[in-house]
Amino acid sequence: MFLITAANGNQGKLLMPKLARAGVPVRALVRSEQSGDKLRAMGVEVLVGDMSETGVLDRAMEGVTSVYHIGPVLHPREREIGFASIDAARNAGVRHFVFSSVLHAIITDLVQHGIKRDVEEYLLASDLEFTILQPANYMLPLKLQPVFRDGVFRLSWSLDRFQSMVDLDDVTDVVFDVLVNPERHYGATYELVGRGRYDARQLGGIISDVMGKPVPVEEISGDEYLKAFIGDKDPANFTHEARVLRAISARYSAHDFIGNPNVLTWLLGREPTSFAQFVERNYREFLVSAPALLTERA
């Protein structure tokens, strides 16, 4: 039995269908019944609960051989949840703990990197068989939807700095193999990075080529990104999230954030998905769904 935490998040939405299609026994830990219903429809066992609540992780680990721990995004207790997940796995006799970390977790002036670095260290001291995955910045459909809709590409750091990226579909292909062929990956730490390194204008140029029209690029602040992230909610209730996003803006404006694609290419056995391929795929999907989206707004 595999356990996937945060199983209806960005990674889970791609990983869970792959596991379900393969017919492997898998348990999904999610926070809401609505998320659980979607996964139950795939034939997946579901546990609804908050990882930060006492006892939830202990129940989730029962009868599990391998865990893929995805920390809750921008959660103020992400570090403690990571530690508790490792403790619960060890206490339950879990054989293999796979951790979703981040590229260059050693960069501790990035808040979320410092958290994941600490969880990595805790995992290394647990005596569990482990695999640590360190993906670059995700290519996320969520980040493209506003570009397709509004015709403007916005980033919350310097437009002149370079970044490496990775397609989440590629990441979850790697996760699938790590889970179903665990012995091959025991004790490994893998950097997962797609090909290329891009500044904002190059990314905007690729999007322009796919859309067939000029797409201007704008720099926004971390606070502006937070406002878009939380919507109408009170920013005063999101101090941790604000700290994370401000740190990202500062670091990525001062330094490039880049990696190497060799490891991912080897793990996939093929070329990683390029940013252009990612945009093309998502723009096709947007064009199919755009009439429905426009109808909803009317």
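As shown above, the structure is provided for reference.
Residues numbered from 1 in each chain as written. Predicted model: local features only at pLDDT ≥ 70, side-chain atom pairs only at ≥ 80, totals over all residues. Heavy atoms only, no water.

Caption draft 1: Structural context of the overall build of the protein chain. A count of helical and extended segments in the protein chain gives 12 helices and 11 strands. Computed over C-alpha atoms, the radius of gyration of the protein chain comes to 19 Å, within 12% of the 19 Å expected from 2.2 N^0.38 for 298 residues, which places it in the range of a compact globule. Within the protein chain, the fraction of its 298 residues that count as buried is 52%. Considering only contacts within the protein chain whose residues lie at least 6 apart along the sequence, 76% involve residues at least 24 apart. (Helix = DSSP H or I, 4+ residues; strand = E, 2+ residues; numbered from the N terminus. Rg over C-alpha atoms; globule rule 2.2 N^0.38 Å. Buried < 20%, exposed > 50% of the residue type's maximum accessible area, 1.4 Å probe, protein only. Contact = heavy atoms within 4.5 Å.)

Caption draft 2: Quick look at the packing of aromatic side chains. All chains considered together, the criterion is met by nine aromatic pairs. Seen in terms of ring centroids, Tyr198 and Phe275 are 6.1 Å apart; in terms of plane orientation they differ by 45 degrees. Their pairing is tilted. With a gap of 77 residues between them, Tyr198 in the loop between strand E10 (188–192) and helix H8 (200–211) and Phe275 in helix H12 (residues 275–297) connect regions that are remote in the sequence. Just as Tyr198 is buried, Phe275 falls in that class too. For the pair Phe275 and Phe278, a centre-to-centre distance of 6.3 Å together with 35 degrees between the ring planes defines the contact as tilted. Linking Phe275 with Phe278, this pair stays in helix H12, spanning three residues, or about one helical turn. (Phe/Tyr/Trp six-rings, centres within 6.5 Å; stacked < 30°, edge-to-face > 60°.)

Caption draft 3: Broad picture of the packing of helix H5 (residues 111–124) against helix H10 (residues 239–254). One way to put it is that H5 packs onto H10 with a least axis distance of 7 Å and a crossing angle of 105 degrees. With respect to H10, the element H5 is oriented roughly perpendicular. Contacts between H5 and H10 involve Val111, Gln112, His113 and Ile115 on the former and, on the latter, His240, Arg243, Val244, Ala247, Ile248 and Tyr252. Taken together, the residues of the contact of H5 with H10 break down into six nonpolar, three polar and one charged. (Axes fitted to C-alpha atoms, helices over the stretch in contact; angles between N-to-C directions. Parallel < 35°, antiparallel > 145°, perpendicular 65-115°, else oblique. Nonpolar A, V, L, I, M, F, W, Y, C, P; charged D, E, K, R; others polar.)

Caption draft 4: Examining the nonpolar core more closely. In this structure, Ile4, Met16, Tyr68, Ile207 and Phe275 are the most contacted members of the largest nonpolar core, which totals 71 residues. In contact with Phe275, other than residues within four places in its own chain, are Met139, Met165, Tyr198, Leu203, Ile206 and Ile207. With 22 residues, the next largest nonpolar core counts Met61, Val64, Val67 and Phe130 among its residues. (Core = buried A, V, L, I, M, F, W, Y, C linked by side-chain atoms within 4.5 Å.)

Caption draft 5: Representation of the sheet that holds strand E5 (residues 96–100). Across the sheet, which stays open at both edges, the seven strands sit in the order E3-E2-E1-E4-E5-E6-E10 with parallel pairing between neighbours. On the outer flanks of this sheet lie strand E3 (45–48) and E10, each paired with one strand and no other. Across the sheet, the mean angle separating the axes of adjacent strands is 15 degrees when strand polarity is ignored. Here strand E6 (residues 129–135) pairs with E10 via five bridges, running parallel. In the strand pairing of E10, Leu133 is matched with Tyr190. Each of strand E1 (2–4), strand E2 (26–30) and strand E4 (66–69) touches helix H1 (residues 12–22); the most contacted strand, E1, lies at about 160 degrees to it. Set on the sheet, helix H7 (residues 168–180) makes contact with E1, E4, E5, E6 and E10; between it and E6 the angle comes to about 175 degrees. (Pairing = 2+ DSSP bridges.)

Caption draft 6: Molecular detail of the pattern of salt bridges. A complete count under the given rule lists 22 salt bridges for this structure. Ionic pairing is found between Asp256 and Arg161, a salt bridge with its closest N-O pair at 3.6 Å. Note that Asp256 is positioned in the loop between H10 and helix H11 (262–268) and Arg161 in the loop between strand E8 (153–155) and strand E9 (165–167), a separation of 95 residues in sequence. Taking relative accessible area as the criterion, Arg161 reaches 30% and is therefore assigned partly exposed. Note that Asp177 is salt-bridged to Arg184, the shortest N-O span being 3.1 Å. (Salt bridge = Lys/Arg side-chain N within 4 Å of Asp/Glu carboxyl O.)

Caption draft 7: Focus on the environment of Thr273. Within the element layout of this structure, Thr273 appears in the loop between H11 and H12. The spacing of Thr273 and Gly71 is 202 residues in sequence and 24 Å in space, taken between C-alpha atoms. In this view, Thr273 contacts Met139, Asp167, Asp170, Phe278 and Arg281; residues no more than four positions away in its chain are not counted.

Caption draft 8: How the structure looks around the side chain of Ser35. Mapped onto the elements of the fold, Ser35 is located in helix H2 (residues 33–40). Judged by relative accessible area, Ser35 falls into the buried class, the value being 14%. Looking at Ser35, its side chain comes within polar contact range of the side chain of Ser32, at 3.1 Å. (Polar contact = N/O pair within 3.5 Å; in protein donor to acceptor, adjacent residues only side chain to side chain.)

Caption draft 9: The arrangement of unusual backbone geometry in detail. A positive phi is found at Ala6, a non-glycine position, where the angle reads about 45 degrees. With respect to the helices, strands and loops of the structure, Ala6 is situated in the loop between E1 and H1. The backbone of Leu74 sits at a positive phi, close to 55 degrees, despite the residue not being glycine. With respect to the element layout, Leu74 can be found in the loop between E4 and helix H4 (78–91). Residue class for Leu74 comes out buried when judged on its relative accessible area of 14%.

Caption draft 10: Up close: the packing of H4 against H5. Interhelical geometry of H4 versus H5 gives an angle of 20 degrees and a closest axis separation of 9 Å. It follows from the interaxial angle that H4 and H5 lie roughly parallel. Viewed along their axes, H4 and H5 form a crossing whose handedness is right-handed. Listed contacts from H5 to Glu78, Arg79, Gly82, Phe83, Ile86 and Asp87 of H4 are Gly114, Ile115, Lys116, Asp118, Val119, Tyr122 and Leu123. (Left-handed = near helix turned anticlockwise from the far one by under 90°.)

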